[in-house]
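Notes for the structure review
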Amino acid sequence: MRACVVTFPGSNCDRDLAVAFERVLGVRVDRVWHKRTRLDRYDLIGIPGGFSYGDHLRPGAIAARSPVMQEVVRQANDGALVLGPCNGFQILTEAGLLPGALIRNRGLAFVCRRVDLVVEGTDSPYTRGLERGRTLRLPIAHHDGGYVVDDEGLRRLEGEGRIALRYKDNPNGSTADIAGVLGGPRNNVLGLMPHPERAIEPLLGGVDGRALLAPLLAA
Amino acid sequence: MQARVSIRFKDGVLDPEAAAIEGALRGLGFDGVRGVRRVRVIELDLDTNEPEAAWASVERMCERLLANPVIEDASVEILKEG
């Protein structure tokens, strides 16, 4: 498996994501600067959390127009695994790889804590083998995690089984408690506000993040 | 030539910041406020002096970057020579 993690100015979870890929999947991870216009073919591409471009204009908006993202979109549409936690989720929606958008948390405050998530869509390389209804406990840390999608978009997501995770106790006002969304031709793109890469070692308070990464070995 | 782009949430997108402003106004005793909308304004200085070319160009900027059509509407005004 060939894996990379893209770094934008203001990314701050890029190393965490690369280490998570290395530890859980046993792969070597290339680090890719966002200015790259050509990208080798990868099986797994990480779009990390952080505050790319200081969240200017809209979170993820400017990163989504980075040169490298055209390549990421192309490879995603070609079936490559693309995982975007937190700011990565915002970037993937801004790039049009996932439906909807993320706006300021309903309660207006930055939310930083562990939350319980319910696994829903299990037809994806990330959630295959997980039991539908299983609870995962993952950390969140965001100010703009309110997922917005219109009624038609929500019906489509639900009908196609593309809601990967829902919050048990909605921390940010997301539509229909949605925490993670699948996209791409074979549900190969996963965007989510929680941070699986921050939950792969007991020392860091949990290992449930491994549950979303380990299935990729069979993908 | 200058252009002004006004970007606001589409109807149906609940803006928590606007709701907070509305709540604060009520708290100050301004009971007559029935709605609050936040509008982001971006002003652009453009090379061209042709209004139609300016308008078309700024519309493309809105589609490509300035607004997110999933949640926002943008309106463009072309201002007099600035």
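Preceding this section is the structure that the text describes.
Fair warning: this is a prediction, and the values are worked out from it, not measured in the lab. (Residues numbered from 1 in each chain as written. Chains lettered and ligands numbered in written order. Predicted model: local features only at pLDDT ≥ 70, side-chain atom pairs only at ≥ 80, totals over all residues. Heavy atoms only, no water.)

Brief notes about the sheet that holds strand β1 (residues 2-9) of chain B
All names here are of chain B. If you walk across this open sheet you meet the three strands as β2-β1-β3, and the pairing is antiparallel. Strand pairing shows two members of the sheet lacking a second neighbour, β2 (39-45) and β3 (72-79), which therefore form its edges. Here the strands of the sheet are splayed against their neighbours by 20 degrees on average, with no regard to which way each runs. The pairing of β1 with β3 spans eight bridges and is classified as antiparallel. Its bridge partner lying in β3, Q2 is registered against L79. Against the sheet, helix α2 (residues 51-66) engages β1, β2 and β3, with an angle of about 155 degrees to β3. (Pairing = 2+ DSSP bridges. Helix = DSSP H or I, 4+ residues; strand = E, 2+ residues; numbered from the N terminus. Axes fitted to C-alpha atoms, helices over the stretch in contact; angles between N-to-C directions. Contact = heavy atoms within 4.5 Å.)

Some thoughts on the nonpolar core
Counting residues in each nonpolar core, the largest one holds 66 residues, and the members touching the most others are F21(A), I45(A), I47(A) and L165(A). Apart from residues lying up to four places away in sequence, I47(A) is in contact with V6(A), F8(A), L17(A), M69(A), V72(A), V82(A), L83(A), G84(A), P85(A), G88(A), I91(A) and L92(A). Judged by nonpolar contacts, the second largest core, of 13 residues, contains I7(B), L44(B), V58(B) and A67(B). (Core = buried A, V, L, I, M, F, W, Y, C linked by side-chain atoms within 4.5 Å. Buried < 20%, exposed > 50% of the residue type's maximum accessible area, 1.4 Å probe, protein only.)

Comments concerning the pairing of strand β11 (residues 189-192) of chain A
All names here are of chain A. Of the two faces of β11, the one holding V189 and G191 and the one holding L190 and L192 are both buried throughout. Examined bridge by bridge, strand β4 (residues 81-85) and β11 share four bridges and lie parallel to one another. Across the sheet, L83 pairs through a bridge with L190, a residue of β11. With four bridges connecting them, strand β10 (residues 178-183) and β11 associate as antiparallel partners. Considered in β11, the bridge of G180 is made with L192. Between the end of β10 and the start of β11, which pair antiparallel, lie five residues, with G184 showing a positive phi angle near 85 degrees.

A short note on the interface of chain B and chain A
In this assembly, 16 residues from chain B lie in contact with 13 residues from chain A. When chain B packs against chain A, close to 1,200 Å² is buried across both sides, 68% of that on carbon and sulfur atoms. Put simply, chain B and chain A have one salt bridge between them. Across the pair R58(A) and E72(B) runs a salt bridge whose closest N-O atoms are separated by 3.6 Å. Our count for the chain B to chain A interface comes out at four residue pairs in polar contact (both at pLDDT 80 or more). Those elements that place two or more of their residues in the side of chain B that touches chain A are α1 (16-27), β2 and α2 of chain B. When its residues are assigned to classes, the side of chain B that touches chain A shows 11 nonpolar, one polar and four charged. (Buried area = accessible area lost by both parts, 1.4 Å probe. Salt bridge = Lys/Arg side-chain N within 4 Å of Asp/Glu carboxyl O. Polar contact = N/O pair within 3.5 Å; in protein donor to acceptor, adjacent residues only side chain to side chain. Nonpolar A, V, L, I, M, F, W, Y, C, P; charged D, E, K, R; others polar.)

Some remarks on α2(B)
All names here are of chain B. Taking 1.5 Å per residue, 16 residues should reach 22 Å; α2 reaches only 19 Å between its end C-alpha atoms and comes up short. Among all positions of α2, only A54, V58, C62 and L66 are buried. Within α2, the buried residues cover an arc of 80 degrees as seen down the axis, which keeps them to one side. The exposed residues of α2 that point more than 90 degrees off its buried face are E52, R60, E63 and R64. (Expected span 1.5 Å × (residues − 1). Arc of directions from axis to C-beta.)

Some details on the layout of surface pockets
Approximately 470 Å³ is the volume found for the largest pocket. Lining the largest pocket are 24 residues; nearest its centre among them are L57(A), R58(A), F9(B), R38(B) and R40(B). One number sums up the size of the second largest pocket: a volume of about 390 Å³. Forming the boundary of the second largest pocket are 24 residues, of which V148(A), V149(A), T175(A), G12(B) and V13(B) lie nearest the centre. At the level of elements, β8 (146-148) and α4 (151-159) of chain A are the ones that each hand at least two residues to the lining of the second largest pocket. (1 Å grid on protein atoms, 1.4 Å probe; cavity = no way out; pocket = protein on both sides within 12 Å on 5 of 7 lines; lining within 4 Å. Points joined across faces, edges and corners; volume = space filled by probe spheres on them.)

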